[in-house]
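Remarks on the overall topology
The lines below spell out each chain.
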Number of protein chains: 2
Amino acid sequence: MTPTGEKPRANPRVERTKAHVLAVARELLLEAGPLDLTYTAISNRSGVTRQTLYRHWPTREALLAQLVLTSPNVAYPQANVDPQRVITEFLVSLRGGMSDPPTAAALMTLAAQADRDPASSQALSDIATDRRLALNTLLSKTGIEVDAADFAVLCGPIIYRLLVARTPVTDEFIRWVVTGWTTRLDRRQRDGDS
Amino acid sequence: MTPTGEKPRANPRVERTKAHVLAVARELLLEAGPLDLTYTAISNRSGVTRQTLYRHWPTREALLAQLVLTSPNVAYPQANVDPQRVITEFLVSLRGGMSDPPTAAALMTLAAQADRDPASSQALSDIATDRRLALNTLLSKTGIEVDAADFAVLCGPIIYRLLVARTPVTDEFIRWVVTGWTTRLDRRQRDGDS
């Protein structure tokens, strides 16, 4: 599916094209919803050929995953020696990303088709790993590392409230989730899943 | 949209028809995915007219919500005086429900369209409230009541792992989530959102 011999490089023109396509895909997700986010629709609106779209994103799932990871709303946290501060800022940034409707729709579309479609399932798993590694990079000065179980306990309540229960996530709620987790850092009693 | 004068009652024939339609909708969700779960497709496969479908479920979102709430995989917990036991069994039952692919697809489809579609957003919020009230009914002998923030901290990590990060939820992980929550029952320091 991906033509060889013309690999995308960090070339400013290519990056501009990709950013333009992602912006168009966000517009279409807002206007028409995930069902109508086809490569034909994106190509018509963006003026970028379907062939080029397939070169950058061999599958629609790859495009949806990149929409999630390049959410425009994210005020990205800084590394710090205080783990509580880093994690709180990370969850505030997660709230910002998930409050962006195209980002939320892209993530939930992958989740809606994941049991039937291995590419969606893999994209979701990659997003979760990517975000957890990003958090651990920010935490590198603290000596604390967040494993997959910790990450679920921290991010799960935020994502559940925003995207499933459809209730606001307050700063207070984020603080409550973070303090709950940090107070039990010392007495881990669970399976060491990765 | 809903014809009046012939309201659905708890009539065995009507209940059989509804159960048959829900079973057909589950099959279609598994085979073709949420995009193709149309009333035409359900009507063709089930032999139930579109008019009858609209009478029972005025919107596709109402049908998706009922698919979530009638998940076949759920070993429903019993009321008990031990809150830790009730909550653990409730989360085990949640894991069972979310491990059923049509149930997961129905929930995530609602979530994927919720920012664009108020009916989906309302259905999700109703599902969350319904499940929280069900848990509180099971907890009624314990004197403990779970509010929306508690419910997010308990269910969010399970749903996140299964449907977003796509990793298994072990009994050990459930126990860890429950003990983390029960140990902080006494020192609540968050906003009393409902």
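Conventions adopted
The written sequence of each chain sets the order in which its residues are numbered from 1. Chain letters and ligand numbers both follow the written order, the letters beginning at A and the numbers at 1. Side-chain atom pairs in this predicted model are given and counted only at pLDDT of 80 or more, local residue features only at pLDDT of at least 70, and totals for whole chains, interfaces and linings cover all residues. Computation of side-chain values covers all heavy atoms of the structure but excludes hydrogens and water. Secondary structure elements are taken from DSSP: a helix is a run of H or I of four residues or more, a strand is a run of E of two residues or more, and numbering for both begins at the N terminus. Each residue is assigned to one of three classes by its accessible area relative to the maximum for its type, calculated with a 1.4 Å probe on protein chains only: buried under 20%, partly exposed between the two thresholds, exposed over 50%. In this analysis, two residues are considered to be in contact whenever any of their non-hydrogen atoms come within 4.5 Å of each other. Note on areas: these come from Shrake-Rupley sampling with a 1.4 Å probe, and a residue is covered only by the protein chains present in the view. The least-squares superposition of copies is restricted to C-alpha atoms, and to residues with a pLDDT of at least 70 in both copies. Accessible-area loss on putting two parts together, using a 1.4 Å probe and summing over both, is the definition of buried area adopted here. Think of a salt bridge as a Lys or Arg side-chain nitrogen and an Asp or Glu carboxyl oxygen that are within 4 Å of each other.

Moving on: the overall build of chain A. Looking only at helices and strands, chain A features nine helices and zero strands. From first element to last, N terminus to C terminus, chain A shows the α and β order α-α-α-α-α-α-α-α-α. Going through the 194 residues of chain A one by one, you find that 54% of them count as buried. Sequence separation of 24 or more characterises 65% of the internal contacts of chain A that already satisfy a separation of 6 or more. When the accessible surface of chain A is summed, it comes to about 8800 Å², and 51% of that surface belongs to carbon and sulfur atoms.

The two copies are related by a screw operation: chain B maps onto chain A through 180 degrees of rotation and 0.0 Å of translation along the axis, at an RMSD of 0.0 Å. Taken together, the rotation angle and the small translation identify this as a two-fold axis. No C-alpha of chain B lies nearer the rotation axis than that of G156 of chain B, which sits 2.2 Å from it. In this assembly, 100% of the residues forming the interface of chain B have copies in chain A that are likewise at the interface, indicating an isologous arrangement.

Time to look at the interface of chain B and chain A. Between chain B and chain A, the residue contacts involve 52 residues of the former and 52 residues of the latter. Carbon and sulfur atoms supply 60% of the area that chain B and chain A bury against each other, a total of about 4500 Å² over both sides. In terms of surface lost to chain A, no three residues of chain B exceed Y160, R166 and W176 of chain B, which account for 18% of the buried area on that side. For the pair chain B and chain A, the number of links is two salt bridges. Residue D115 of chain B pairs with R166 of chain A through a salt bridge whose shortest N-O separation is 3.0 Å.

Everything listed here is a matter of geometry and, on its own, says nothing about what the molecule does.
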